[in-house]
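Letter by letter, the chains look like this.
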Amino acid sequence: MSAISMVLVVIVAFFAGMEGILDQWQFHQPLVACTLIGMVTGHMAEGIMLGGSLQMIALGWANVGAAVAPDAALAAVASSIILVQGGQGVKGIGSAVAIAIPLAVAGLFLTMLVRTITVGIVHLMDKAAKEANSKMIDFWQYVCICLQGLRIALPAILLLIIPASAVRGMLEAMPAWLNDGMSIGGGMVVAVGYAMVINMMASREVWPFFAIGFVIAAISDLTLIAIGALGIALALMYLSLDKSGSNSGSNNGGNSNSGDPLGDILDDY
Amino acid sequence: MAEPVVAEKKITLSKSDLYKVAWRTQFLQGSWNYERMQNGGWCYSMIPAINKLYQKKEDRAAAYQRHLEFFNTHPYVTSPIIGVTLALEEERANGAPIDDAAIQGVKVGMMGPLAGVGDPVFWFTVRPMIGALGASLALGGSIMGPILFFVLWNVIRLATIWYTQEFGYKAGNAITDDLSGGLLQMITRGASMMGMFVIGALIERWVNINFTPVVSKIQQQKGAYIDWNNLPKGSAGIHEALSQQAGGLSLERLKVTTLQNNLDSLIPGLVPLLLTFLCMWLLKKNVSPIIIILGIFVVGVVGHVIGLL
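Values in this document were obtained by computation on a predicted structure and should not be read as measured data. (Residues numbered from 1 in each chain as written. Chains lettered and ligands numbered in written order. Predicted model: local features only at pLDDT ≥ 70, side-chain atom pairs only at ≥ 80, totals over all residues. Heavy atoms only, no water.)

Novice: Mind showing me how you'd approach the overall build of chain B here?
Specialist: Helix and strand content of chain B: 12 helices and 2 strands. For chain B, the α and β elements follow one another from N to C terminus as α-α-α-α-α-α-α-α-β-α-β-α-α-α. Taken over the C-alpha trace, chain B has a radius of gyration of 30 Å; the compact-globule value for 309 residues is 19 Å, which it surpasses by more than 25%. If one aligns the C-alpha atoms of chain B with their principal axes, the spans along those axes are about 100 × 40 × 35 Å. Considering chain B as a whole, with its 309 residues, one finds that 51% of them fall into the buried category. Partitioning the intrachain contacts of chain B with sequence separation of at least 6 by distance along the chain shows that 75% fall at a separation of at least 24. Counting every atom, chain B has about 13800 Å² of accessible surface; 64% of that belongs to carbon and sulfur. Of note, chain B has its 25 positive side-chain charges centred 7 Å away from the centre of its 21 negative side-chain charges. (Helix = DSSP H or I, 4+ residues; strand = E, 2+ residues; numbered from the N terminus. Rg over C-alpha atoms; globule rule 2.2 N^0.38 Å. Buried < 20%, exposed > 50% of the residue type's maximum accessible area, 1.4 Å probe, protein only. Contact = heavy atoms within 4.5 Å. Areas by Shrake-Rupley, 256 points an atom, 1.4 Å probe, with all protein chains shown as cover. Lys, Arg positive; Asp, Glu negative; His and termini not counted. Charge placed at Lys NZ, Arg CZ, Asp CG, Glu CD.)

Right, dumping it as structure tokens:
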């Protein structure tokens, strides 16, 4: 990899780290991060495909309340560096995905570390506030954001220093049964993300929608956009029927939804 | 919570002040910490407005400190809360009797319910859906996947931040009343319905489990399979074989049924569905998602080695 590519990879990693906490532009989502790293290293197609595979797994990963989700940023950045360094091309995507998962877990530790360090920095903000010094509050805010960027950029630098041949050797040393087994696991692990989403949204009112969606997906002619349009149409129909029906009395269905998940969130925050 | 509003206005926030604040809310979570969570980012966001509204040093110091109190909600729905708080601070700077407790009360009162809107709508409906759409394109190597995801998401996000802040700023205190009432609850409900519908579809489409064990090998009746030995020679034979296959004849004499075929004939996607339910149950039992993920990989490897998967 050329020096320019390496610098660009580190910059992408820094952005991914910042976004991992800010959660605004989504540079930390695999679909974006893997594509960008693929782009700056000249392995665009593999990067996009790796991003797609990882994104599928990471769909439901979000930090809500007590549930801490795996770190998508480190998983995306590290696995795409390994994919590029491994030099196996599209064939290496399966094992890169498999490597990404333990990395996503390891990333949690770094996240917790930075969030703890930040406690100290916030006290420095308190001090600046007392002195009415808004410039210093700004400064410490930027320091915190940069720490989050380094959280991913430093591991990326580390991975870049390890020679490509070592990465390649490590990947080739993986026996086929382990590789295939990991790919099979990767096909199933998507379910965890969906389960997290369902646990968040499920209520008696919305389960029928789930059932219809599940059954309808077997019609393979329907694209995801078509399914999305159908979902919107059904939800709109339900809501307007419910609204016109609630005038005549029954309002049970309406309230069952907000009770449970809202209560959980309130407890967690 | 509703304080009387004083009519006379000396200092008002300009459009550019509001833009500055909206831009800064994007960095809300930058100093997320275990003690007071989003407090640093909140104060950072308010700074342009505070500096405009208060000129005396002690007023500013008090305002900064007041906005370094505990705060935590979904990052995008912070904007309507910021909007309301801006309106309150503006009144206060112009002499309205709004005390610290009132401002803190509005913040805390809104952050809980709004997090309950933001999390299901953004993290669990919009992002999984746009993400799945982009990822399904990206799996084929199309650059349109990531671009679609990035553009769609950020258009929705930026519009939400700006317009809800404006809404909050204009509505002032009124927004807190609306929360318990109508619109936001409708949006949350609609999003959950839509989300559950799509999640159901995604489970069928994207969770892959394939049980390989062979359940039965049945010798089929004559006429149910293509009799390869009695086909015409050359291309006529190929034509005959293809038309027989199109007519529903089997390619092989033995009909091999794997466990997967049996399960699919019940309903396609049954096993992924059961696996999802298992994960939901484990999560409800407070098993960490990370343990479940690692466990699934172990099951995948072991299952493959013993020939089940």
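Additional details are given in the paragraphs that follow.
Novice: Would you explain the UniProt feature "transmembrane region" (unreviewed entry) in chain A in this entry?
Specialist: Residue and element names in this part refer to chain A. Residues annotated by UniProt as "transmembrane region" (unreviewed entry) correspond here to residues 30-49, 61-84, 96-118, 139-162, 182-202 and 209-239. With 100% helix and 0% strand, residues 96-118 has its two end C-alpha atoms placed 32 Å apart. A helix fraction of 95% and a strand fraction of 0% characterise residues 182-202, whose end C-alpha atoms lie 30 Å from each other. (UniProt positions renumbered as here; feature names shortened; annotations may be inferred.)

Novice: Can you walk me through a nonpolar patch on the surface in this structure?
Specialist: A cluster of nonpolar side chains, namely A:Trp177, B:Val298, B:Val302, B:Val305, B:Ile306 and B:Leu308, defines an oily patch on the protein surface of about 580 Å² accessible area. The topology assignment puts B:Val305 in helix H12 (residues 289-305). For B:Val305, a relative accessible area of 51% gives the class exposed. (Patch = residues over 30% accessible without salt bridge, like charges linked within 9 Å, V, L, I, M, F, W, Y side chains within 5 Å. Salt bridge = Lys/Arg side-chain N within 4 Å of Asp/Glu carboxyl O.)

Novice: Got a minute to help me understand the packing of aromatic side chains in this structure?
Specialist: How two aromatic rings sit relative to each other is given by the distance of their centres and the angle of their planes. According to the stated counting rule, one finds 18 aromatic pairs over all chains in the structure shown. Centroid distance A:Trp207 to B:Phe277: 6.2 Å. Interplanar angle 70 degrees. Geometry classified as edge-to-face. On the criterion of chain membership, the pair formed by A:Trp207 in helix H9 (residues 207-216) and B:Phe277 in helix H11 (residues 270-284) is interchain, its members lying in two chains. When its relative accessible area of 29% is taken as the criterion, A:Trp207 is described as partly exposed. An angle of 15 degrees between the planes, with centres 6.1 Å apart, marks the rings of B:Trp123 and B:Trp153 as stacked. Of the two residues, B:Trp123 sits in helix H5 (residues 100-138) while B:Trp153 sits in helix H6 (residues 144-171), which places them 30 residues apart along the sequence. Across the pair, exposure class does not vary: B:Trp123 and B:Trp153 are buried alike. Three or more aromatic residues link up through ring pairs in this structure, and these residues are A:Phe15, A:Trp25, A:Phe27 and B:Phe150. Directly above the ring of B:Tyr44 sits B:Arg24, whose terminal nitrogen or CZ lies 4.2 Å from the centroid. Geometry around B:Trp123 places B:Arg127 over its ring, the cationic atom sitting 4.4 Å from the centre. (Phe/Tyr/Trp six-rings, centres within 6.5 Å; stacked < 30°, edge-to-face > 60°. Lys NZ or Arg CZ within 6 Å of the ring centre and 35° of its normal.)

Novice: Can you walk me through unusual backbone geometry in this structure?
Specialist: The general pattern is negative phi for most residues beyond glycine and trans for most peptide bonds. One non-glycine residue, A:Asp23, lies in positive phi territory at about 60 degrees. Examined against the element boundaries, A:Asp23 turns out to sit in the loop between helix H1 (3-22) and helix H2 (30-41).

Novice: Would you explain the UniProt feature "transmembrane region" (unreviewed entry) in chain B in this entry?
Specialist: Residue and element names in this part refer to chain B. Taking the UniProt record as the reference, the feature "transmembrane region" (unreviewed entry) is found at residues 137-163 and 289-308. Taken as a whole, residues 137-163 contains 81% helix and 0% strand, while its terminal C-alpha atoms sit 31 Å from one another. Here residues 289-308 is 85% helix and 0% strand, with 24 Å between the C-alpha atoms at its ends.

Novice: Is there a simple way to explain the interface of chain A and chain B in this structure?
Specialist: When the parts come together, some accessible area is lost, and that loss is often what is quoted as the size of the interface. In this complex, chain A contributes 110 residues to the contact, which on the side of chain B involves 110 residues. Taken together, the connections running from chain A to chain B amount to 5 salt bridges. The salt bridge involving A:Asp23 is made with B:Arg127; its shortest N-O contact spans 3.0 Å. Put simply, chain A and chain B have 23 residue pairs in polar contact (both at pLDDT 80 or more) between them. (Polar contact = N/O pair within 3.5 Å; in protein donor to acceptor, adjacent residues only side chain to side chain.)

Novice: Just to check I follow, could you spell out helix H2 (residues 39-53) of chain B for this structure?
Specialist: In an α-helix, one full turn covers 3.6 residues, which means residues spaced three or four apart are oriented alike. Between its first and last C-alpha atoms H2(B) spans 20 Å; for 15 residues at 1.5 Å apiece the expected length is 21 Å, and the two agree. Its axis deflected by about 45 degrees at B:Ile47, H2(B) carries its strongest bend there, up to four residues before the proline B:Pro48. (Expected span 1.5 Å × (residues − 1). Bend = angle between axes of the 7 residues up to and from the residue.)

Novice: Is there a simple way to explain the packing of H2(B) against helix H4 (residues 78-93) of chain B in this structure?
Specialist: If you want to describe how two helices pack, look at the angle between their axes and the distance between the axes. Residue and element names in this part refer to chain B. Between H2 and H4, the shortest axis-to-axis distance is 11 Å and the interhelical angle comes to 30 degrees. Taken together, the axes of H2 and H4 are roughly parallel relative to one another. By crossing handedness, the relation of H2 to H4 is classed as right-handed. Listed contacts from H4 to Trp42, Ser45, Met46, Ala49 and Leu53 of H2 are Thr78, Ile81, Ile82, Thr85, Leu86, Glu89, Glu90 and Ala93. Residues belonging to the contact of H2 with H4 are distributed by class as follows: 8 nonpolar, 3 polar and 2 charged. (Axes fitted to C-alpha atoms, helices over the stretch in contact; angles between N-to-C directions. Parallel < 35°, antiparallel > 145°, perpendicular 65-115°, else oblique. Left-handed = near helix turned anticlockwise from the far one by under 90°. Nonpolar A, V, L, I, M, F, W, Y, C, P; charged D, E, K, R; others polar.)

Novice: Looking at this model, I keep getting lost on the pattern of salt bridges. Mind explaining?
Specialist: If charged atoms from side chains of opposite charge come close, those side chains can pair. Residues and elements named next belong to chain B. All chains considered together, the criterion is met by 12 salt bridges over all chains. For the salt bridge of aspartate 100 with arginine 92, the shortest nitrogen-to-oxygen distance reads 2.9 Å. When its relative accessible area of 23% is taken as the criterion, arginine 92 is described as partly exposed. Between lysine 170 and glutamate 166 there is a salt bridge; the shortest N-O distance is 3.5 Å. In this pair, lysine 170 and glutamate 166 are both assigned in helix H6, 4 residues apart and thus about one turn of the helix distant. Given the relative accessible area of 66%, lysine 170 is considered exposed. The network of salt bridges with shared partners includes Arg66, Glu89, Arg92 and Asp100.

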